[in-house]
Amino acid sequence: MNPKLKEKTMESLAAVLPITGIVLLISVILVPVELGAMVMFLVGAILLVVGMGFFQLGAEMAMTPIGEGIGVQISRSRSVILVVAMSISMGAIITIAEPDLQVLAEQVPSIPNQALILTVAMGVGVFLALAVARILFQISLSAILAVLYVLVIAMSFCAPENFLAVAFDSGGVTTGPMTVPFIMAIGVGLASVRGDKDAASDSFGLVALASVGPVIAVLLLGCFYHPSEAAYSLAGVADVVTTWDVVREFVSSLSPYAREVLVSLLPVVVMFVFFQLLSHRYQKRQVKRIIVGFFYTCVGLILFLCGVNVGFAPVGSFLGSAIAGESWRWVLVPIGMLIGYYIVKAEPAIQVLNHQVESVTNGSVSAASMNTCLSVGVAVSVGLSMMRVLTGIPIIYIVIPGYIAALILSRLVPKIFVGIAFDSGGVASGPMTTTFLLPLSMGACEAVGGNVMTDAFGVVALVALTPLIAVQIMGLWYRFRMSSAARTVSGVLAADGPDEIIEFEEGV
């Protein structure tokens, strides 16, 4: 096996294994699951692991070099109109192929899949253009974020109540394994051309701004669609008896998902061909590597969607419904917290973020402390999501205070922590949140007779909110540590006297 493919597959296995183990424990201790349904779940989990392995490798081979090349090309262009047009089209095209978005669209009732996907894609495209303009013109990230989140808060009071949770979830799912490598690579490309002292910190923030766009776009969409008019039908686990039945269920689903994936990826391939013909940026060997990356992406996405929709998500819905139907339904809260704690620990992108913060702070904020902070934070956010499902607490009561706290912190922490924090919001809400936690919430909401649109949706949004606060708290801790160290050095030098201060200054 390709060593890189093996590495990516093992990363996917680490992300899926905790949930699989928790589901097995629940099926033995709390809710009995039919053997056929459990086999469907396990086969779905295997396809999810293999699919994510292929997909992540493909995205790394294709999306990252394309994004970096486009970032460099954009920064060299003198036409503002061309820069805006390229950014909007690139952002929209990549978002359409995002697997997390496709999973979310499949589960939202009353809104046609393509309508939601295209709305979210345009939101990402427009705000990616804004993010690129911010880097080129060196505009303060915290200032733009403050304006945009005030706009989001104002719109949330005007938009239909049934649409709020879906809108906030849309911002979380667009920062997935397809979109993030591409958008981050654009930032790296832009920063490499600028080369000034603020270029590195300004390269963060593209994902943050791109994830605000879908929230605003979907809130606007809510003015035209009325989710309360359509009922959600719970996804059922296929009735299988033999192993052949299992194989038949998955094989019969491959063809429609293959067509869907090819349609989604075709614009990305066309975009690459045009970019290469115009810029001649990539050598023959690089072009071959990118083509292989597209193939891996296509295979991985087909296996991922098939595994999620046929075997994995339906069992999540069933368990949520079964547990919420019992008198001890409140056990959903600790179960959700346990899943949230291990989801973030197993997310590869979170580990990259943790080491990034450790590097930026020269070890003052360790990767281990970041990991613990984020794990506890996500556990709390998933627990709150399950509590919302059972009680019907409006998401606005949690999300708005959370964003206000994040914006206040953004004025107090070092500049680079702002970009990392808001970029990391989408990183935490990885594929496992959309593929398992959301179906679990929806199944539980149906069982308690709640409104799926207001009570079940929102779990992705809350998981995405946690890192905004957690990373910036780490930034405050870093600033405090640096201030304490500076005061200690000043005190020692002052006690030693003027001669020692002169010697110290000459040494420096």
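Residues numbered from 1 in each chain as written. Predicted model: local features only at pLDDT ≥ 70, side-chain atom pairs only at ≥ 80, totals over all residues. Heavy atoms only, no water.

1. Section: the nonpolar core
Core analysis: the biggest nonpolar cluster contains 158 residues, and Met63, Ile66, Phe182, Phe422 and Phe457 have the highest contact counts within it. In terms of residue count, helix H12 (residues 284-324) provides more of this core than any other element does, 19 residues in total. Setting aside its immediate chain neighbours within four residues, isoleucine 66 contacts Phe182, Met271, Phe272, Tyr282, Ile290 and Phe294. Ranked by size, the runner-up nonpolar core spans 5 residues in total, among them Leu5, Phe54, Met61 and Tyr296. (Core = buried A, V, L, I, M, F, W, Y, C linked by side-chain atoms within 4.5 Å. Buried < 20%, exposed > 50% of the residue type's maximum accessible area, 1.4 Å probe, protein only. Helix = DSSP H or I, 4+ residues; strand = E, 2+ residues; numbered from the N terminus. Contact = heavy atoms within 4.5 Å.)

2. Some details on the packing of helix H6 (residues 141-158) against helix H16 (residues 396-410)
Remark: H6 packs on H16, axes separated minimally by 10 Å, with the N-to-C direction vectors making an angle of 165 degrees. As summarised for this structure, H6 and H16 are arranged roughly antiparallel, according to the angle between their axes. With respect to the hand of their crossing, H6 and H16 are arranged in left-handed fashion. Together, Ser142, Leu145, Ala146, Tyr149, Ile153, Ser156 and Phe157 of H6 and Ile396, Ile400, Tyr403, Ile404, Leu407 and Ser410 of H16 make up the contact between the two elements. In terms of residue class, the contact of H6 with H16 is made up of 10 nonpolar, 3 polar and no charged. (Axes fitted to C-alpha atoms, helices over the stretch in contact; angles between N-to-C directions. Parallel < 35°, antiparallel > 145°, perpendicular 65-115°, else oblique. Left-handed = near helix turned anticlockwise from the far one by under 90°. Nonpolar A, V, L, I, M, F, W, Y, C, P; charged D, E, K, R; others polar.)

3. What to know about empty space enclosed by the protein
The full count for this structure, using the stated rule, is 1 cavity of 30 Å³ or more. In this structure, the largest cavity spans a volume of roughly 160 Å³. Lining the largest cavity we find 17 residues, and of these Tyr149, Gly171, Ser211, Tyr403 and Ala464 sit closest to its centre. Residue assignment for the lining of the largest cavity shows that the elements contributing at least two residues are H6, helix H7 (164-173), helix H10 (206-221), helix H17 (415-428) and helix H20 (459-496). Per-element accounting of the lining of the largest cavity gives the leading share, 4 residues, to H20. Among the residues forming the lining of the largest cavity, the class breakdown is 11 nonpolar, 6 polar and no charged. (1 Å grid on protein atoms, 1.4 Å probe; cavity = no way out; pocket = protein on both sides within 12 Å on 5 of 7 lines; lining within 4 Å. Points joined across faces, edges and corners; volume = space filled by probe spheres on them.)

4. A few points about the confidence of the model for the chain
On average, residues of the chain carry a pLDDT of 80, and 85% of them reach 70 or more. Low pLDDT, under 50, characterises residues 500-508; the predicted model gives this stretch 3 contacts beyond four residues in sequence or across chains. (pLDDT = per-residue confidence, 0-100.)

5. A few points about H12
Its 41 residues place the ends of H12 57 Å apart at the C-alpha level, agreeing with the 60 Å of an ideal helix rising 1.5 Å per residue. In H12, a bend of some 45 degrees at valine 308 exceeds every other bend along the element. (Expected span 1.5 Å × (residues − 1). Bend = angle between axes of the 7 residues up to and from the residue.)

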